[in-house]
Amino acid sequence: MKWSGRSAIAIAGVCAAVTMFSGTAQADPLWEPLQPVPNLDAARYVGEWNQVAAIPQPFNLACAKDTRASYGLVDSSNVSVKNTCTTWTGEANEIVGNARVTDPATGAQLHVSFPGVPTQESLDGPPNYIVTYIADDYSWALVGDPLRLSGFVLSRSPIVDAAGWSEIRRVAESRGYNACTILTSPTTEGTSDIRPLCTV
């Protein structure tokens, strides 16, 4: 995986600055672990997703646009994971891993692992992928970790209209996220810029 240059550093800097600036504006749910949805239908959840917004993570700073996740059922406890994106130099980037269900009661808490990635190599471990919101029609989802250090807005469509962004912001804030720490993710068909969700 190649790391981006100035653009990635700029994004990381913006994220850090926004986090420091908005640290006192968190909603009350922040002080409780991120909660999963009551029941996730794995058969409906698998398939192709577009990342339309996220809290930047070190492993995806190389991605300039079209960040996608593809999930497939392996068995009752495991889901295959394939993440792809286009880098800042226009190259294709790909990583393949596994997501193991850690919470059979809801099916919405999983441990995602990637071979060769430090701290994420083990197939078993605590949940680091929690589906905290899923639209009734499974058209979009909000995923994070217990401490909300990560947050990913996944959409079946790469295009989000104004009403969609408003709903995404409302849901993110209701789950204890500060919308200013979540940045839009460029897609070829949709948004082309990177902005804090609180400004969209």
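Only a predicted model underlies this, so the values are computations on that prediction, with no experimental measurement involved. (Residues numbered from 1 in each chain as written. Predicted model: local features only at pLDDT ≥ 70, side-chain atom pairs only at ≥ 80, totals over all residues. Heavy atoms only, no water.)

Participant: Got a minute to help me understand the overall build of the chain in this structure?
Facilitator: Across its full length, the chain holds three helices and nine strands. Helices and strands in the chain line up, N terminus first, as α-α-β-β-β-β-β-β-β-β-α-β. The burial tally for the chain puts 47% of its 200 residues in the buried class. Contacts in the chain between residues at least 24 apart in sequence constitute 55% of all its contacts with a sequence separation of at least 6. By element, 59% of the accessible surface of the chain is carried by carbon and sulfur atoms, the whole surface being about 10,100 Å². (Helix = DSSP H or I, 4+ residues; strand = E, 2+ residues; numbered from the N terminus. Buried < 20%, exposed > 50% of the residue type's maximum accessible area, 1.4 Å probe, protein only. Contact = heavy atoms within 4.5 Å. Areas by Shrake-Rupley, 256 points an atom, 1.4 Å probe, with all protein chains shown as cover.)

Participant: Is there a simple way to think about the nonpolar core in this case?
Facilitator: A general feature of soluble globular proteins is that nonpolar side chains tend to end up buried together. Counting residues in hydrophobic clusters, the biggest one holds 23 residues, and the most contacted among them are Tyr45, Tyr71, Tyr129, Val131, Ile134 and Leu154. For this core, the secondary structure elements donating two or more residues are β1 (47–54), β2 (63–73), β3 (78–87), β5 (109–113), β6 (129–134), β7 (140–144) and β8 (151–155). Per element, the largest residue contribution to this core is three residues, and it comes from β6. Contacts of isoleucine 134, omitting those with residues within four sequence positions, involve Val37, Tyr45, Trp49, Trp140 and Ala141. (Core = buried A, V, L, I, M, F, W, Y, C linked by side-chain atoms within 4.5 Å.)

Participant: I'm lost on the state of the cysteines in this one. Help?
Facilitator: Covalent bonding between the sulfur atoms of two cysteines is what defines a disulfide. Counted according to the given criterion, the structure contains two disulfides. A sulfur-sulfur separation of 2.1 Å characterises the disulfide bridge that pairs cysteine 63 with cysteine 85. When the S-S torsion is -75 degrees, as for the bridge of cysteine 63 with cysteine 85, the disulfide is left-handed. With a gap of 22 residues between them, cysteine 63 in strand β2 and cysteine 85 in strand β3 connect regions that are remote in the sequence. Take cysteine 63: its relative accessible area is 16%, and that puts it in the buried class. (Disulfide = S-S within 2.5 Å.)

Participant: What exactly am I supposed to notice about helix α3 (residues 162–174) here?
Facilitator: Residue pairs three or four apart in sequence face the same way in an α-helix, which turns once every 3.6 residues. With 13 residues, α3 extends 18 Å from end C-alpha to end C-alpha; this agrees with the ideal 18 Å at 1.5 Å per step. Packing partners of the buried residues in α3 comprise β1, β6, β7, β8 and β9 (183–184). Among the residues trailing α3, glycine 176 stands out with phi positive, at a value near 90 degrees. (Expected span 1.5 Å × (residues − 1).)

Participant: Help me understand the pattern of salt bridges, please; the structure alone is not making it clear to me.
Facilitator: Pairing of side chains with opposite charge becomes possible as their charged atoms draw close. Taken as a whole, this structure holds four salt bridges when the rule is applied. We note a salt bridge from aspartate 124 to arginine 100, for which the minimum N-O separation is 2.9 Å. With aspartate 124 in the loop between β5 and β6 and arginine 100 in strand β4 (residues 92–101), the pair connects residues that are 24 residues apart, well separated along the chain. With a relative accessible area of 21%, arginine 100 lands in the partly exposed category. (Salt bridge = Lys/Arg side-chain N within 4 Å of Asp/Glu carboxyl O.)

Participant: Can you help me understand the packing of aromatic side chains in this one?
Facilitator: Aromatic rings considered in pairs are described by the distance between their centres and by the relative angle of their planes. The tally for this structure, following the rule as stated, stands at five aromatic pairs. For the pair tyrosine 45 and tyrosine 71, a centre-to-centre distance of 5.8 Å together with 10 degrees between the ring planes defines the contact as stacked. Taken together, the residues tyrosine 45 in helix α2 (residues 42–45) and tyrosine 71 in strand β2 connect sequence positions 26 residues apart. The exposure class of tyrosine 45 is buried, given its relative accessible area of 7%. (Phe/Tyr/Trp six-rings, centres within 6.5 Å; stacked < 30°, edge-to-face > 60°.)

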